[in-house]
Each structure stands twice: as structure tokens, then as C-alpha cells.
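A closer look at the structure
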Amino acid sequence: MEAAAAWEEVAAGITRVGWIGTGLMGMPMCSHLQNAGFQITVFNRTISKAQILCDRGATYVDSPFAVAQCSDVVFTMLGNASEVRQVILSKNGVLAGLCAGGIIVDCSSSEPSLAREIFSLAEAKGIQSVDAPVSGGEVGAQQGSLAILAGGKEETVKRLEPLLKFMGKVTYMGPAGAGQSCKLANQISVAANFLGLAEGLTYANKAGLDLTTYLGAVSGGAAGSKVMDSFGPRILRSDLSPGGFAEYMVKDLGLALKEAQAMGASFPGLALSQQMYLSLVAHGDGRLGAQSVLSLYHLKDLSVPADP
């Protein structure tokens, strides 16, 4: 396998980009790179979900291995750790097809231990790996304003900034796995925010308060948060469409609980949050947005009239 040493500079027209996973988040993230002029090779299990990229000039191939063969940097944006392992580490995966000198960037929310395993196996082949999960949901992906939480070698992360800047703001968190650990800590906080928003709205509703006025009053104080700003108005419009799926919150919080057990630490708020989201999934609502946790409080209607 030839070393991919000809692309020292990361730039459109020079760096060949591979992208695997064009779902709710992956499609807009990859679109930003395509719009910036990068040559894209793409794979997705459901071909139709990559069609927009292909219509704009991306090349579709039939496997992660084929993506890697055509790329200098390969991004993955997948649903869970088992998919990450299969796509990157299988015999038909990214690591098997990527030349020495290439870089793997996993933007999925996954296990810190798996990120470290991928890094070790990649480095043995002269390949760099960065775990770079993101926060900001579908809106952040569409706007290119995601928080990108990166683990791996700092020099590799800096080298990738000409790519990552089109998707959001990257923060280097530490060695391999640190990006994933940061994402899990992020999800603990986000889930607690959603529960607080849901219970606050429920209490305000039962107290007879006007909910639009309530949100406007408290959002500028200590209760205010991005979760409240982004999802409070959506809840009042009865908009439970996903910025991130509720079932993915179950997955992320489950990973955090697994890591907490390994740490020998107890996080009762985390455990409660996961149980709440597990209840949503059990009721068949796993593909709704994370704000749908409000439905567990059995409110009949929180909607307010749209502006004329």
C-alpha cells in the first residue's frame, strides 16, 4: 500500500475527503465540506440518503474500504459503537483501506475505550485517528456551528482545522478517547437540562402561568440555557421533531453509566435521566427529539397560538 504523503497541506483541491454516514447530522456536516470545494467520496448503507451529495458531485462507492482507498481523510458519523467498530475495524473497513499517512476522524458518539483502540491500531499502520464527537444537534450541523470535541494527537487536530472549521468550533480535549469522554459529560448535562425544562414547564402550566411569558421571564436568569432557548419554543409549538433522537440519548447515557461503573463512581442524576429516556423508547417514542421527554408528564396541551 502506497504511503499517502503527497498531501501535507489540508486544503480544497488537494485533500481527498471520505465520508461515511449521511443521516440527520452527517449529511449537513459533509455538505459544508463539499460546498467549501473538497472532493468527496461517500458511503451510506441507505444509498438514497447520500443522493443529494452525489447530485452535487460526490462519488458514491460501495463500502467503507472503498471510501478509504479514495481518501486522505475519512470522516465517520454513525449511530453507535458497534457500527463504528464494524465500519472502521472490519476487514472491509476504513483502516484496512486507508494508506499510511491518512487520518480517520470519528464524529460519532461512541465509547472512549473504542476510540483508544482505534487510535492504537491505526498508529501501528502509520495512520492517525481522532475521536471528534459533536454537540449542537441538527441545527448546529446545518449552521456549521457545532461544538467539536477532539481527542488524539494535538498536532493532528490542528492539521485538520481547515476541514473542521466548516462544521463548527473544535476544542482539543486531550489524548485518544478524551473527545468521547467530553461528549458523555456533555450528554449528562444536556439530559439534566431537558428534564429541568420539562419539569419547570409542567409546574408553570399547573400553576396557571402563561408559558410563553414564563420562558421569557426565566430564560434571562439562572435557569436560562441553550436547551431552553432552542427547545422551549419548539415544545410550546408541540414540535417534537428530532435535533437528536431520544433513543440516542439512551445510548449515550448508557455509555456514561458504563464508564461511571468503571470509574467506581455514582451519578444518581445520570441514572434517573437514562431511566426517563428509556421510558420514552419503551413507549415507542425513541425517534422523537430529546425534548419529547416532556410527554412523560402526561400534559394534554402546552401549545400556544402561532404569531399572526
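Since we're looking at a predicted model, the values are computed, not measured.

Next up on the list: the nonpolar core. Met 29, Leu 33, Phe 75 and Leu 163 are the most contacted members of the largest nonpolar core, which totals 32 residues. Apart from residues lying up to four places away in sequence, Leu 163 is in contact with Val 10, Val 17, Leu 33, Phe 38, Val 73 and Phe 75.

Among the 6 residues in strand β8 (residues 146-151), 5 count as buried, and that is most of the element. Note that strand β7 (residues 134-135) and β8 share 2 bridges and pair antiparallel. Paired with Val 134 across the two strands is Ile 148, which belongs to β8. Here β8 pairs with strand β9 (residues 168-174) via 6 bridges, running parallel. Counted as the bridge partner of Leu 146 is Gly 168 from β9.

This part covers unusual backbone geometry. In this model, Ser 238 sits at a positive phi of 55 degrees, which is unusual for a non-glycine residue. Looking at where Ser 238 falls in the secondary structure, it is placed in the loop between α11 (226-236) and α12 (246-263).

In this section: helix α9 (residues 178-206). Note on helix geometry: an α-helix contains 3.6 residues per turn, so any two residues three or four positions apart are oriented the same way. With 29 residues, α9 should cover 42 Å at 1.5 Å per step; its first-to-last C-alpha distance of 42 Å lies within 8% of that length. Phi turns positive one or two residues past the end of α9, at Gly 208, with a value near 85 degrees.

Between helix α10 (residues 211-218) and α11, whose axes approach to 10 Å, the crossing angle comes to 175 degrees. The angle between α10 and α11 places the two elements in the roughly antiparallel class. In this structure, α10 contributes Leu 211, Thr 212, Leu 215 and Val 218 to the contact, and α11 contributes Met 228, Gly 232, Pro 233 and Leu 236. A class-by-class count of the residues in the contact of α10 with α11 yields 6 nonpolar, 2 polar and no charged.

A separate point is α11. Among all positions in α11, only Val 227, Met 228, Phe 231, Gly 232, Arg 234, Ile 235 and Leu 236 are buried. Those residues of α11 that are buried are in contact with α9 and α10. Looking one or two places after α11, you find Ser 238, whose phi comes out positive at around 55 degrees.

Our focus in this paragraph is the packing of α9 against α10. One can describe the packing of α9 onto α10 by two numbers: an axis separation of 10 Å at closest approach and a directional angle of 130 degrees. When the axis of α9 is compared with that of α10, the two are oblique. At the point where α9 passes α10, the crossing takes the right-handed sense. Between α9, through Leu 197, Gly 200, Leu 201, Ala 204 and Asn 205, and α10, the contact on the second element is made entirely by Leu 211, Tyr 214 and Leu 215. Taken together, the residues of the contact of α9 with α10 sort by class into 6 nonpolar, 2 polar and no charged.

With that settled, consider the environment of Val 250. As for its placement among the helices and strands, Val 250 is situated in helix α12. Residue classification places Val 250 among the buried residues on the basis of a relative accessible area of 12%. Between the C-alpha atom of Val 250 and that of Leu 278, which follows or precedes it by 28 residues, the distance is 6.1 Å. Non-local contacts of Val 250, meaning those with residues more than four positions away in its chain, are made with Gln 274, Tyr 277, Leu 278 and Val 281.

The next subject is the environment of Cys 99. Its location among the elements puts Cys 99 in the loop between α5 (94-97) and β5 (103-106). In the structure, Cys 99 is positioned 27 residues away from Asp 72 in sequence and 7.8 Å away in space, judged by C-alpha atoms.

The full count for this structure, using the stated rule, is 8 salt bridges. Of the charged contacts in the structure, one is a salt bridge between Lys 153 and Glu 123, with a shortest N-O distance of 3.0 Å. With Lys 153 in the loop between β8 and α8 (154-164) and Glu 123 in helix α6 (residues 112-124), the pair connects residues that are 30 residues apart, well separated along the chain. Residue class for Glu 123 comes out partly exposed when judged on its relative accessible area of 35%. Arg 234 is the salt-bridge partner of Asp 239, the closest N and O atoms lying 3.5 Å from each other. Look at Arg 234 and you get buried, because its relative accessible area is 12%.

Definitions and limits used
Residues numbered from 1 in each chain as written. Predicted model: local features only at pLDDT ≥ 70, side-chain atom pairs only at ≥ 80, totals over all residues. Heavy atoms only, no water. Core = buried A, V, L, I, M, F, W, Y, C linked by side-chain atoms within 4.5 Å. Buried < 20%, exposed > 50% of the residue type's maximum accessible area, 1.4 Å probe, protein only. Contact = heavy atoms within 4.5 Å. Helix = DSSP H or I, 4+ residues; strand = E, 2+ residues; numbered from the N terminus. Pairing = 2+ DSSP bridges. Expected span 1.5 Å × (residues − 1). Axes fitted to C-alpha atoms, helices over the stretch in contact; angles between N-to-C directions. Parallel < 35°, antiparallel > 145°, perpendicular 65-115°, else oblique. Nonpolar A, V, L, I, M, F, W, Y, C, P; charged D, E, K, R; others polar. Left-handed = near helix turned anticlockwise from the far one by under 90°. Salt bridge = Lys/Arg side-chain N within 4 Å of Asp/Glu carboxyl O.

Coordinates in, geometry out; function isn't part of it.
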